[in-house]
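# Coordinate analysis (summary)
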Amino acid sequence: MSVVIRLARAGTKKRPVYHVVVADSRFPRDGRFIERLGHFNPLLPKDNETRLKLDMDKVKAWLAKGAQPSDRVARFLDAAGVKKREARNNPEKAVPRKERKAQAEAAAKA
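Quick notes on the rules
Numbering of residues starts from 1 in every chain and runs along the sequence as written. Reporting of local features is limited, given that this is a predicted model, to residues whose pLDDT is at least 70; pairs of side-chain atoms are given and counted only at 80 or more, and all residues count toward the totals for whole chains, interfaces and linings. Only hydrogens and water are set aside; all other atoms, that is, all heavy atoms of the structure, feed into the side-chain values. UniProt positions are given in the numbering used here, feature names are shortened, and annotations may be inferred rather than shown by experiment. Note on conventions: DSSP H or I runs of at least 4 residues are helices, E runs of at least 2 residues are strands, and numbering of each starts at the N terminus. Only protein chains enter the accessibility calculation, which uses a 1.4 Å probe; a residue whose area is less than 20% of its type maximum is buried, one above 50% is exposed, and one in between is partly exposed. Note on contacts: a residue pair is in contact if any heavy atoms of the two residues lie within 4.5 Å. In this description, accessible areas are obtained by the Shrake-Rupley approach with a 1.4 Å probe, and a residue is regarded as covered only by the protein chains that are shown. Under this rule, positive means Lys or Arg and negative means Asp or Glu; His and the chain ends count for nothing. Note on charges: their place is set at NZ of Lys, CZ of Arg, CG of Asp or CD of Glu. We call Phe, Tyr and Trp rings a pair once their centres come within 6.5 Å, taking the six-membered ring for Trp, and we label the pair stacked below 30 degrees between planes, edge-to-face above 60, and tilted otherwise. Note on criteria: charge over ring means Lys NZ or Arg CZ within 6 Å of the ring centre, with the direction from the centre no more than 35 degrees off the ring normal. In this scheme, strands are said to pair when DSSP sees at least two bridges between them. All axes here are fitted lines through C-alpha atoms, helices being fitted over the stretch that makes contact, and every angle between N-to-C directions spans 0 to 180 degrees.

The name given to the protein in an unreviewed UniProt entry is Small ribosomal subunit protein bS16, with the source organism recorded as Bradyrhizobium yuanmingense. As recorded by UniProt, the Sequence similarities (unreviewed entry) comment attached to the protein reads in full: "Belongs to the bacterial ribosomal protein bS16 family."

The next subject is the overall build of the protein. From N to C terminus, the protein includes four helices and five strands. For the protein, the α and β elements follow one another from N to C terminus as β-β-β-β-α-β-α-α-α. Overall size of the protein, expressed as C-alpha extent along the three principal axes, is 55 × 35 × 30 Å. Expressed as a percentage of the 110 residues in the protein, the buried residues total 25%. If you take every contact in the protein between residues at least 6 apart in sequence, the share linking residues at least 24 apart comes to 27%. Here the protein displays about 8300 Å² of accessible surface, and carbon together with sulfur accounts for 50% of that area. Of note, the protein has its 27 positive side-chain charges centred 5 Å away from the centre of its 13 negative side-chain charges.

What the rule picks out here adds up to two aromatic pairs. Aromatic ring contacts, followed pair by pair, group Tyr18, Phe40 and Phe76 into a single cluster. Over the face of the ring belonging to tryptophan 62 we find lysine 65, whose NZ or CZ atom lies 4.4 Å from the ring centre.

This part is about the environment of alanine 23. Of note, alanine 23 is situated in strand β2 (residues 15-24). Through-space distance from the C-alpha of alanine 23 to that of glutamate 35 is 7.2 Å; in sequence the pair is 12 residues apart. In contact with alanine 23, not counting residues within four places along its chain, are Ser2, Val3, Val4, Arg6, Arg32, Phe33 and Ile34.

What follows concerns the sheet that holds strand β4 (residues 52-54). Spatially, the five strands line up as an open sheet ordered β4-β3-β2-β1-β5, and their pairing is mixed. Each end of this open sheet is capped by a strand with a single partner; those strands are β4 and β5 (68-69). Where β2 lies against strand β3 (residues 35-40), five bridges are found, and the strand directions are antiparallel. The residue of β3 that forms the bridge with valine 20 is glycine 38. Contacting β1 (3-12), β2, β3, β4 and β5, helix α1 (residues 56-64) runs over the sheet at an angle of about 125 degrees to β3. Taken strand by strand, helix α2 (residues 71-80) contacts β1, β2, β3, β4 and β5, and its axis lies near 100 degrees from that of β1.

Shown next, in the form of structure tokens:
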């Protein structure tokens, strides 16, 4: 059983609130979960302390059991200092599209 820590959407249309949950990776995003660890409200300002609320003891316990955090939850845990997240490296994304095409054509000609 692959266990993940991820966000489950709640709230109404155009007013999302997310629950941070531990779930089997085969379960639907908003479906069955094992345990709720906290909540996240993206509509609040970033400096508001109630924007993200996590039970860090439970999070650490689930990480020790082998639960894998999703990308967004990994960002939260990195900001909280619980789990270090490695930076992604995609050098192609930083190059403007026209320049990438010109480089590809130049490489094809050479």
